[in-house]
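Observations on chain architecture
Residues per chain, in single letters:
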Amino acid sequence: MARAIMLQGTSSNVGKSVLAAALCRIFYRSGFRVAPFKSQNMALNSGATPDGGEMGRAQLVQAYAAGVEPRVEMNPVLLKPTAHARSQVILLGRPVGNVGAREYHGSFNQELWRYVEEAYAVLDKEFEVIVIEGAGSPAEVNLKAREIANMRVAKMARAPVLLVADIDRGGALAAIVGTLELLDEDERELVAGLIINKFRGDVALLQPALEFLERKTGKPVLGVIPFLTHGLPEEDSVALEQVVNRPTAPDEVEIVVIKLPCIANFTDFDALQREQGVNLRYVEDKNDLGNPDLIIIPGSKNTIGDLLWLRQQGLEEAVKGLASRGTPVVGICGGYQMLGLEIADPGHVETDHDGIDGMGLLPVRTIFQPTKATNLVRGRVTGTGPFLGPLQGLEVKGYEIHMGSSSLAEGRPAFKITRRGNTPVDIDDGAQSSDGLVWGTYIHGIWDNDAFRHRILAVLRARRGFVDRVGSLKFAADLERRFDALAAAVARHLDLKRLAAIMGLERPLAGEGFGS
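Here's what I pulled together on the structure shown here.

Cut-off values and rules
Residues numbered from 1 in each chain as written. Predicted model: local features only at pLDDT ≥ 70, side-chain atom pairs only at ≥ 80, totals over all residues. Heavy atoms only, no water. Pairing = 2+ DSSP bridges. Helix = DSSP H or I, 4+ residues; strand = E, 2+ residues; numbered from the N terminus. Contact = heavy atoms within 4.5 Å. Axes fitted to C-alpha atoms, helices over the stretch in contact; angles between N-to-C directions. Buried < 20%, exposed > 50% of the residue type's maximum accessible area, 1.4 Å probe, protein only. Arc of directions from axis to C-beta. Polar contact = N/O pair within 3.5 Å; in protein donor to acceptor, adjacent residues only side chain to side chain. Phe/Tyr/Trp six-rings, centres within 6.5 Å; stacked < 30°, edge-to-face > 60°. Lys NZ or Arg CZ within 6 Å of the ring centre and 35° of its normal. Disulfide = S-S within 2.5 Å. Salt bridge = Lys/Arg side-chain N within 4 Å of Asp/Glu carboxyl O. Core = buried A, V, L, I, M, F, W, Y, C linked by side-chain atoms within 4.5 Å.

1. Quick notes on the sheet that holds strand β26 (residues 438-441)
Here 6 strands make up an open sheet; going across it, the order is β15-β13-β16-β18-β26-β25 and the pairing mixed. Edge positions in the sheet fall to β15 (278-283) and β25 (431-432), since each of these pairs with one other strand and no more. Where strand β18 (residues 329-332) meets β26, 4 bridges bridge the pair, whose relative direction is parallel. Opposite V330, over in β26, you have W439 as the bridge partner. Set on the sheet, helix α13 (residues 450-464) makes contact with β13 (253-258), β15, β16 (294-297) and β26; between it and β13 the angle comes to about 115°.

As structure tokens, this is what we get:
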């Protein structure tokens, strides 16, 4: 039976996911076999597990931090918003339908509870420690009686709760006191400590407030965590609301990602954003497009709806105009589908539209299907032209998450998928324009491949007349360093001895030294 600890927040976006990843790495570096768990997650950033299931990006990241392979039991229920207060429900890695918010909270989620219990029981048998993340706030009185993500989970797992508040947004003390006040007495008893997160300033000046909190609530403050720039993949598009584009320097390559209303898996571009000499901007206004070196249309959970939005905003016309003048354009997953000739949805899998004309930049036709492809994949580059031609034969890896099937009307594919999970396959993927300046693929994570990313950037620099710089970013190794640095920073500001005592651990937790 595992020892568990649960992080709940005074609201959404207080930093629970990042703190959970840090705790997973602390327990892992302390010699524990640890797993993350979030019963219900709502996010458009997701990924594939080795056995072909789909789960939230945050729990994938936490699994990597824990040093274990991700598995769907770590996130048994994933809600992927589509439009009009509806979400696709992913249960244990597979889609089971689309429901509205009222239906979901009225009865649907109650039917999912037994799957939550079963998923946790699997992890409980196999791991020594489980780091549980709640969702939203446990004090949402309109939903509390039927929730399956907060105190109900804590009770099931016999998990002490650490209540996290974001002091950067203001009102943290009131949020903590108010949250505890709105909990039932037995729920308040489960709260074993408080964490103040995202603090900027001198902790000594905060000390009177911490002492007040402990007197007022009877709960110990286990730590004041500073505002950390962690660089981990983000959970959902809330993070994009905080992104501020900066001007591109004269010696930088400029890459524009279209910020679609239902943008999904924008973590695809983390590696590009971390490269020196690259300025990656998110754009939702045609007047902000400028004259970039590369335009990327990302994945979407509502491909047809987002393509209609592109048209209404004048962005489709603007992108096509730049493409006609030689600006390279790349589409990933839903963006790849948009670049094609046609998107058909005869079964109304995604919208009420039977179909829609695509942007016409790639010779592909897409048909939405009720079955969903979710696979880890390996493949190789087969395309031609200035970008893909020099990379022919290069092995790449990533993952697929899509509902549609696309077929080439003419030309050659951009990639060849050679393995899905552990199964050898021989499947064409993607497409390219005749000049090779426009291409698309279903492979998420394509930019995480160092050799592939470095070569594409080298071509972009050459087109600008820049002296090429050898790409030095090794994305996977860089992510491991960031996990250790994050865990070390959190360990410096968290009372690990008290945490171990709260959990009843029989051996101590490693401090900050492992991150050096």
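2. Here's the deal with helix α15 (residues 496-503)
Along an α-helix, residues three or four positions apart point the same way, because every turn accommodates 3.6 residues. Along α15, the residues that are buried comprise L496, L499, A500 and M503. Taken around the axis of α15, the buried residues stretch over an arc of 100°, which confines them to a single face. For α15, the exposed residues set more than 90 degrees away from the buried face come down to K497 and A501. Elements that come into contact with the buried residues of α15 comprise β1 (3-9), α1 (16-29), β9 (129-133), β10 (161-166), β12 (221-226) and α14 (475-492). Residue D495 occupies the N-cap position of α15, its side-chain oxygen lying 3.4 Å from the main-chain nitrogen of K497.

3. Regarding the packing of aromatic side chains
For the coordinates displayed, the defined rule picks out 10 aromatic pairs. Between the aromatic rings of W439 and W447, the centroid separation amounts to 6.0 Å while the plane-to-plane angle is 45°, which identifies the pairing as tilted. When sorted by exposure, W439 lands in the same class as W447, which is buried. A centroid spacing of 5.9 Å and a plane angle of 90° characterise the contact between W439 and F452, whose relative ring orientation is edge-to-face. Highlighted residues: W439 in strand β26 and F452 in helix α13, separated in sequence by 13 residues. A relative accessible area of 2% means that W439 is categorised as buried. Among the aromatic residues, ring-to-ring pairing joins F415, W439, W447 and F452 into one connected group. If you follow R200 out to its NZ or CZ, it ends over the ring of F227, 3.7 Å from the centre.

4. A look at the state of the cysteines
Scanning the model with the defined rule gives 0 disulfides in all. C333 carries a free sulfur, and the closest cysteine sulfur to it, the one in C262, is 13 Å from it. Among the residues examined, C333 registers a relative accessible area of 6% and is labelled buried.

5. Looking at the sheet that holds strand β7 (residues 86-91)
Read from one edge to the other, the open sheet built from 4 strands follows the order β3-β6-β7-β8, with strand pairing classed as mixed. Only two strands of the sheet have a single neighbouring strand rather than two, namely β3 (40-42) and β8 (94-100). Ignoring which end each strand starts from, the neighbouring axes of this sheet average 25° apart. Here strand β6 (residues 77-81) runs beside β7; their pairing, made up of 5 bridges, is antiparallel. Paired with P81 across the bridge in β7 is S87. Of the strands in this sheet, β3, β6, β7 and β8 are in contact with helix α3 (residues 101-126), which crosses β8 at around 150°.

6. A word on the pattern of salt bridges
Inspection of every chain in the model, using the stated rule, returns 31 salt bridges. Of the charged contacts, one joins E187 and K144 as a salt bridge, the two residues approaching to 3.2 Å between their closest N and O atoms. Of this pair, E187 sits in helix α6 (residues 185-190) while K144 sits in the loop between β9 and α4 (151-157); the two residues are 43 residues apart in sequence, bridging distant segments of the chain. Comparing E187 with K144 shows no difference in burial state: the two are buried. With a closest N to O distance of 2.7 Å, E316 and R311 form a salt bridge. Each of R25, R29, E480 and D484 takes part in a single network of salt bridges with overlapping partners.

7. Concerning unusual backbone geometry
For N265, which is not glycine, the phi dihedral falls at a positive 55°. In this structure, N265 sits in the loop between β14 (263-264) and α8 (270-274). The phi angle at C333 is positive, at roughly 55°, despite the residue not being glycine. Mapped onto the elements of the fold, C333 is located in the loop between β18 and α11 (334-338).

8. Re the nonpolar core
Ranked by internal contacts, the top residues of the largest apolar core, which has 87 residues, are F27, F37, V131, I132, L499 and L509. Once you skip the residues sitting within four places of it in the chain, V131 turns out to touch I5, A20, L23, C24, F27, V34, A35, P36 and F37. In this structure, F266, I304, L339 and Y442 belong to the second largest nonpolar core, which totals 63 residues.

9. A short note on the side chain of E275
As for its position among the elements, E275 is in the loop between α8 and β15. A polar contact is formed between the side chain of E275 and the side chain of H454, at a distance of 3.0 Å. When near neighbours in sequence (up to four residues on either side) are disregarded, E275 contacts R453, H454, L457 and L473.

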